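Spelled out from the first residue to the last, the chains are:
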Amino acid sequence: MKNNNLFERFSNWATNFTGSSYAFISAVLIVLIWTISGPVFNYSETWQLVINTGTTIITFLMVFLIQKAQNKDSKAIQLKLNELIAASKQASNRMVDIEDLTEKELDQLHQYFVKIAELSKQEGNFHKCYSIDAAVKKHNSKLEN
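Residues numbered from 1 in each chain as written. Predicted model: local features only at pLDDT ≥ 70, side-chain atom pairs only at ≥ 80, totals over all residues. Heavy atoms only, no water.

A. Local environment of the overall build of the protein chain. Of the regular secondary structure elements, the protein chain holds five helices and zero strands. Listed N to C, the secondary structure of the protein chain is α-α-α-α-α in terms of helices and strands. In the protein chain, which comprises 145 residues, the proportion classed as buried is 14%. Carbon and sulfur atoms form 63% of the exposed surface of the protein chain, whose accessible area is close to 12,000 Å². (Helix = DSSP H or I, 4+ residues; strand = E, 2+ residues; numbered from the N terminus. Buried < 20%, exposed > 50% of the residue type's maximum accessible area, 1.4 Å probe, protein only. Areas by Shrake-Rupley, 256 points an atom, 1.4 Å probe, with all protein chains shown as cover.)

B. Structural context of a nonpolar patch on the surface. Together, Phe 24, Ile 25, Val 28, Leu 29, Leu 32, Ile 33 and Ile 36 line one region of the surface with nonpolar side chains, adding up to about 710 Å² of accessible area. By secondary structure assignment, the location of Ile 36 is in helix H2 (residues 21-36). (Patch = residues over 30% accessible without salt bridge, like charges linked within 9 Å, V, L, I, M, F, W, Y side chains within 5 Å. Salt bridge = Lys/Arg side-chain N within 4 Å of Asp/Glu carboxyl O.)

C. Expanded view of the pattern of salt bridges. Overall, the coordinates contain two salt bridges when judged by the stated rule. Linking Lys 72 and Glu 8 is a salt bridge whose minimum nitrogen-to-oxygen distance equals 3.4 Å. Of this pair, Lys 72 sits in helix H3 (residues 45-87) while Glu 8 is found in helix H1 (residues 2-18), placing the two residues 64 residues apart along the sequence. Since its relative accessible area comes to 41%, Lys 72 is described here as partly exposed. Of the residues examined, Glu 8 reaches a relative accessible area of 27% and is grouped as partly exposed. Salt bridges sharing common partners tie together Glu 8, Lys 68 and Lys 72.

D. Region of the structure containing the packing of aromatic side chains. Applying the stated criterion across every chain, the model contains five aromatic pairs. Here the aromatic rings of Tyr 43 and Trp 47 are separated by 5.2 Å at their centres, their planes lie at 85 degrees, and the arrangement is edge-to-face. We classify Trp 47 as buried; its relative accessible area is 9%. With a centroid separation of 5.1 Å and 75 degrees between ring planes, the pair formed by Phe 60 and Phe 64 is classed as edge-to-face. Highlighted residues: Phe 60 and Phe 64, both in helix H3, separated by four residues, approximately one helical turn. Taking the relative accessible area as the measure of exposure, Phe 64 reaches 52% and is therefore exposed. Members of the aromatic cluster, each reached through a chain of ring pairs, are Phe 10, Trp 13 and Phe 17. (Phe/Tyr/Trp six-rings, centres within 6.5 Å; stacked < 30°, edge-to-face > 60°.)

Any link to function would need more than the numbers given here.
Structure (structure tokens):
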């Protein structure tokens, strides 16, 4: 647990640092120092290899850091949306945790929302809010009358 906690703290720090002005200024300074040092090293292949290798390694590591930060942000956003759905009387609780559905299931859910839009259009009220269940129930009750 302590290693995970250490990694979590490090990745949070690295994410915050790499997104800061200090990181950008540091990167610009490194490139400037490398550029200025060119004549000293006669613009050799080794001189070029230093910047190429350094930027490749940093880019490789940043991909994983960015993905971790994105996953964490995505999970937090999903939890906030789940809370809003749970708190809303008109929202369908079927929408909680839909991020775990397959692409096909998400497409089917999208079709439900297309249907809700069509029902609202038939009613002439585009701004009325429905849950999936309420929209189908209301539409079916109109058909029965």
